[in-house]
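What follows is each chain in one-letter form.
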Amino acid sequence: MDGVGKLKAIGRRFIPFASILVFLTVWELFARAGVVIPYLLPALSTVLAHVYADIMGGDLFRQLGLTFYRAMTGFFIGAVIAIPLGIMIGRFRFFRWFFDPVISITNPVPKVAFLPIFMIWFGLGDVSKIASVILLVFYPMVIAAIGGTLSVDKQLIWSARSLGASERDLLRQIILPAALPQIITGMQIAVPLALIVSIVAEFLMGGEGIGGKLLFAQRRINSPGVFASIVEIALAGAILIKSLEYMRRRLLVWHPETKLTTA
Amino acid sequence: MAEQTNITVENLSHTYMPPKGKPVLALDGITLSVKDKEFIALLGPSGCGKSTLLYLMGGFLDIQDGQIRVNETPVTEPSRDRGIVFQHFALFPWKTVIQNIRFGLDKMNLAKSERDERARYYIDLVQLHGFEDSFPSQLSGGMKQRAAIARTLAMDPAILLMDEPFGALDAQTRMFMQAELLAILEKTPKTVVFVTHDVHEAVLLADRVAVMSARPGKINEIADIELGGGPKDVKSPEFAEMVDHLWDGVRKEALAAGQGR
Amino acid sequence: MNIGLQRIHTFAVKYFPLVILIAIWELLPALGIVSPDILPSILAIAVALIDLFASGTILEHMRVSLFRAFTGLGLAMVFGITAGVTMAWFMPVRIVLNPLIQMFYPMPKSALIPVVIIWFGIGDASKIVLVFLGCMLPMVVGTFNGARGVDRETIWSARSMGTGDFEMIWRILLPSAMPEILNGARTALALCFALLVSAELLISRHGLGFLIGNYNEIGDNTRMFAVILIFALIGYGADRLYLLLRGRTLAWMG
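Residues numbered from 1 in each chain as written. Chains lettered and ligands numbered in written order. Predicted model: local features only at pLDDT ≥ 70, side-chain atom pairs only at ≥ 80, totals over all residues. Heavy atoms only, no water.

## Quick notes on the interface of chain B and chain A
Contact with chain B, which involves 25 residues of that partner, is made by 19 residues of chain A. Across the chain B to chain A interface the summed buried area is about 2100 Å²; carbon plus sulfur atoms make up 68%. For Asp169(A), the salt bridge goes to Lys107(B), with nearest N and O atoms at 3.9 Å. Across the contact surface, chain B and chain A share 4 residue pairs in polar contact (both at pLDDT 80 or more). Those elements giving two or more residues to the side of chain B that touches chain A turn out to be β6 (82-85) and α2 (97-105) of chain B. (Contact = heavy atoms within 4.5 Å. Buried area = accessible area lost by both parts, 1.4 Å probe. Salt bridge = Lys/Arg side-chain N within 4 Å of Asp/Glu carboxyl O. Polar contact = N/O pair within 3.5 Å; in protein donor to acceptor, adjacent residues only side chain to side chain. Helix = DSSP H or I, 4+ residues; strand = E, 2+ residues; numbered from the N terminus.)

## Some details on the nonpolar core
In this structure, Ile174(A), Val9(B), Leu53(B), Val193(B), Val209(B) and Leu246(B) are the most contacted members of the largest nonpolar core, which totals 223 residues. Ranked by residues supplied to this core, first place goes to helix α8 (residues 165-202) of chain C with 20 residues. In this structure Val209(B) touches Ala41(B), Leu43(B), Ala202(B), Glu221(B), Ile222(B), Ala223(B), Ile225(B) and Leu246(B), once residues within four positions along its chain are discounted. (Core = buried A, V, L, I, M, F, W, Y, C linked by side-chain atoms within 4.5 Å. Buried < 20%, exposed > 50% of the residue type's maximum accessible area, 1.4 Å probe, protein only.)

## Details of the pattern of salt bridges
All names here are of chain B. The tally for this structure, following the rule as stated, stands at 33 salt bridges over all chains. Across the pair Asp-106 and Arg-102 runs a salt bridge, and its minimum N-O distance is 3.0 Å. Judged by relative accessible area, which is 37%, Asp-106 ranks as partly exposed. One continuous salt-bridge network, built from bridges that share partners, spans Arg-102, Asp-106, Lys-112, Arg-115 and Asp-116.

## Digging into the arrangement of the chains
Here the protein chains form 2 pairs of chains in contact, of which the pair with the most contacts is chains A and C. Across the gap from chain B to chain C, with no contact made, the nearest C-alpha atoms are 16 Å apart.

## Considerations on the interface of chain C and chain A
Taken together, the contacts link 46 residues of chain C with 39 residues of chain A. Looking at the side of chain C facing chain A, the largest losses of area belong to Pro108(C), Ile118(C) and Leu202(C), adding up to 15% of the total buried there. Viewed at the interface, chain A and chain C are joined by 0 salt bridges. If you look at where chain C meets chain A, you find 4 residue pairs in polar contact (both at pLDDT 80 or more).

## Describing the domain arrangement of chain A
Taken domain by domain, chain A comprises domain 1 (1-35) and domain 2 (47-262). Here domain 1 of chain A and domain 2 of chain A have C-alpha centroids that lie 35 Å from each other. (Domains from an automatic or database assignment.)

## Considerations on the domain arrangement of chain C
Residue and element names in this part refer to chain C. Segmenting chain C into domains produces domain 1 (1-38) and domain 2 (40-253). On the domain 2 side, the residues contacting the 7 residues of domain 1 number 7 residues. Here domain 1 meets domain 2 over a buried area of about 600 Å², counting both sides, of which 59% is carbon and sulfur. Ranking the residues of domain 1 by area buried against domain 2 places Trp-25, Glu-26 and Asp-37 at the top, with a combined share of 64%. Taken together, domain 1 and domain 2 are joined by 0 salt bridges. Along the contact surface separating domain 1 from domain 2 lie 3 residue pairs in polar contact (both at pLDDT 80 or more). The class makeup of the residues in the side of domain 1 that touches domain 2 is 5 nonpolar, no polar and 2 charged. (Nonpolar A, V, L, I, M, F, W, Y, C, P; charged D, E, K, R; others polar.)

## So, the packing of aromatic side chains
Tallied over the entire structure, the rule returns 30 aromatic pairs over all chains. Between Phe92(A) and Phe95(A) the ring centres are 6.4 Å apart and the planes differ by 50°, which places this aromatic pair in the tilted class. When its relative accessible area of 26% is taken as the criterion, Phe92(A) is described as partly exposed. Pairing Phe98(A) with Phe99(A) gives two aromatic rings, centres 5.0 Å apart and planes at 80°, and the pair type is edge-to-face. Taking the relative accessible area as the measure of exposure, Phe99(A) reaches 23% and is therefore partly exposed. Members of the aromatic cluster, connected to one another through ring pairs, are Phe92(A), Phe94(A), Phe95(A), Trp97(A), Phe98(A), Phe99(A) and Phe16(C). Of note, Lys111(A) hangs over the ring of Tyr139(A), and the distance from its end group to the ring centre comes to 4.3 Å. (Phe/Tyr/Trp six-rings, centres within 6.5 Å; stacked < 30°, edge-to-face > 60°. Lys NZ or Arg CZ within 6 Å of the ring centre and 35° of its normal.)

## Regarding helix α5 (residues 171-187) of chain B
For α5(B), built from 17 residues, the straight-helix expectation of 24 Å at 1.5 Å per residue is met to within 8% by its first-to-last C-alpha distance of 25 Å. In this structure, the buried side of α5(B) is in contact with β3 (39-43), α3 (112-125), α4 (141-153), β7 (159-163), β8 (191-196) and α6 (199-205) of chain B. (Expected span 1.5 Å × (residues − 1).)

## Things to note about unusual backbone geometry
Excluding glycine, a negative phi dihedral is what most residues carry, and trans is how most peptide bonds are arranged. All names here are of chain B. Notably, Phe-89 is not glycine yet its phi reads approximately 70°, a positive angle. Of note, Phe-89 is situated in the loop between β6 and α2. At Ala-90, a residue that is not glycine, the phi angle is positive and equals roughly 50°. When you line up the elements, Ala-90 lands in the loop between β6 and α2.

## Considering the packing of helix α2 (residues 44-57) of chain A against helix α3 (residues 59-91) of chain A
Residue and element names in this part refer to chain A. Between α2 and α3, whose axes approach to 4 Å, the crossing angle comes to 85°. With respect to their mutual orientation, α2 and α3 come out roughly perpendicular. Of the residues in α3, those in contact with Asp-54, Ile-55 and Gly-57 of α2 are Asp-59, Leu-60 and Phe-61. Its residues assigned to classes, the contact of α2 with α3 shows 3 nonpolar, 1 polar and 2 charged. (Axes fitted to C-alpha atoms, helices over the stretch in contact; angles between N-to-C directions. Parallel < 35°, antiparallel > 145°, perpendicular 65-115°, else oblique.)

## Section: the sheet that holds strand β5 (residues 73-74) of chain B
Residue and element names in this part refer to chain B. The 4 strands lie next to each other as β2-β1-β4-β5, forming an open sheet whose pairing is antiparallel. In the strand order of this sheet, the two ends are held by β2 (24-34) and β5, each with one partner. When strand β1 (residues 7-16) meets β2, the two strands line up antiparallel, connected through 7 bridges. Bridge pairing in β2 places Val-9 opposite Leu-32. Across the sheet, helix α1 (residues 50-58) lies against β1, β2 and β4 (65-70), angled at about 120° from β1, the strand it touches most. (Pairing = 2+ DSSP bridges.)

Next up, the structure:
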């Protein structure tokens, strides 16, 4: 490859980052030019220095850890309830009759509005926050499990039955794996949601955690602290989403979609 | 297998309810008997209910009106002695070829060594040696169908129900598969019900061909394919004559359906 | 059976599970299994609702909340659809905007509540901006994917018939992208109420979220439940309205 071609290739590789770079530069210059007071917009360098200090101080990981602990506990409890229930609803008429109207009516309701009820029921501690996460993550997962179960190819079930599978074999060996891509999609929606709800619950109920840290910084009029927390939350969220995509590929090696994305 | 296997269909009608609109009569008073070790093809234009008839024989759909008996026992649900092969294979995509074949075997009361041996035998029979650990998505259409056939044959069912099994394959692969199926049946004779809309295929494979009418499906004619014994000669005038004759019947039905009868 | 009766019968069978749940709710406090403080009876909530409506308290807050939600959502739709279509049609715009969207998309928008309050205070502006920021991304992404999904043959045949850029966007791209735009709109609709109520609960002096938080603080649980119920109904009603409009739009499109 000649020099110009090489340069072009490098250029093409960096194009996706160009506008992000411009955005960050404009942020830095705009803040430094003193158009707005630093309280409204601290310079990017100030914010990054703050993030660096947070990481070095070690406190960040304790706070993030607390938020993640509540988010993940809620997510796992939610998944353990929602996924088997969704499969049962998809598979058995009685379950569908009972739960379908309940879920379809309560799903579009803005569920964050129910958090104050949990504050009355469970107080302001972890139980309340985890319960909030469970409520919110339940819906995308149960809906995914119902959809996945209902869309299992009928001929797969017929084949399994004619090969001597019992109802139990069907649920565990056919329906669960066949519905898995959709169930994982539901989980991919639920996990970031769990993180968000965990943060919002800290906003509303107080207590430590990354959301608590953010709110504390705002109350102290420490805007570099506010922006640093937001950057930290965004990074944590991005890492979470990327690891979910990785896990999806690992879990669904058999699925044609995997071949497409790795090829 | 010493025991005789026959299927009796008596006065079978079937109506299905589309999500929207009026009920559709798919089968209307079908009566048919399939003899032991006989290969019967159900031939008809698309939408004539031939697959529905097969699914009813399999016990996958509930029988509404009439009766199907296998050796005088009414069919009510799927069973191991009626193996099925679908047009789109219905392999379990999250299982490898060998795991697919082992699926039914592992639910049988057999020693592990025997299950291993049977799985290996059928892998060899359908010539999938070397692809045991591939996922279905990594196989070609013909290989997928061979895997599906091996999975069904491994159960050693007395009856083989085949739902346009070669319909999704290209012409060349289809020819190979037809020859292979005949060779396999030579080794392990079975009672076969084979749904197809390909007249040539029906004449080539079957002992008898039941020609079905357009919806609502009835049996118009049952043709004995007796072309002088031995392997069929596709180039013989008798073969061509039989194809022409059946083709004429199917074409009339397809036209009738097209005119919205 | 009479068709009307048949319908009532189907309806009753369908929603009977809800009746069971409501009966359980009513019985729990009535039988003293849980304190009415923790779970007020539906009757008490209904009385509180009538009172809230009669005094006009709730109407004012409802007006504020709906204004904030729909202004933010409306702006997000206009900007989002415009940006999405422009990105799909003009490559330079795509090159500039796509990475920024990729960067901001996974970010939890609720975390921005403290920032919009720093920027725009605790009144309407901060809530509208928050809703706008949150709802814009699903609109952009939905529109972009929909418009990118139009097959080349359609565009080529329109081109060969002498279709210009503007007409192409208006007559080909937008209608083809409509199903995905509408999917984005549903996500945005749900997000808009969730973001609004979070922000109002956290810091506000008006709006239904404020009212819920306020009754929570003074310990008037019955009224708190009543306002939450109203908010839930608004969210549910908005979704039903959306479904109705989507049905119309897609039917009109054929």
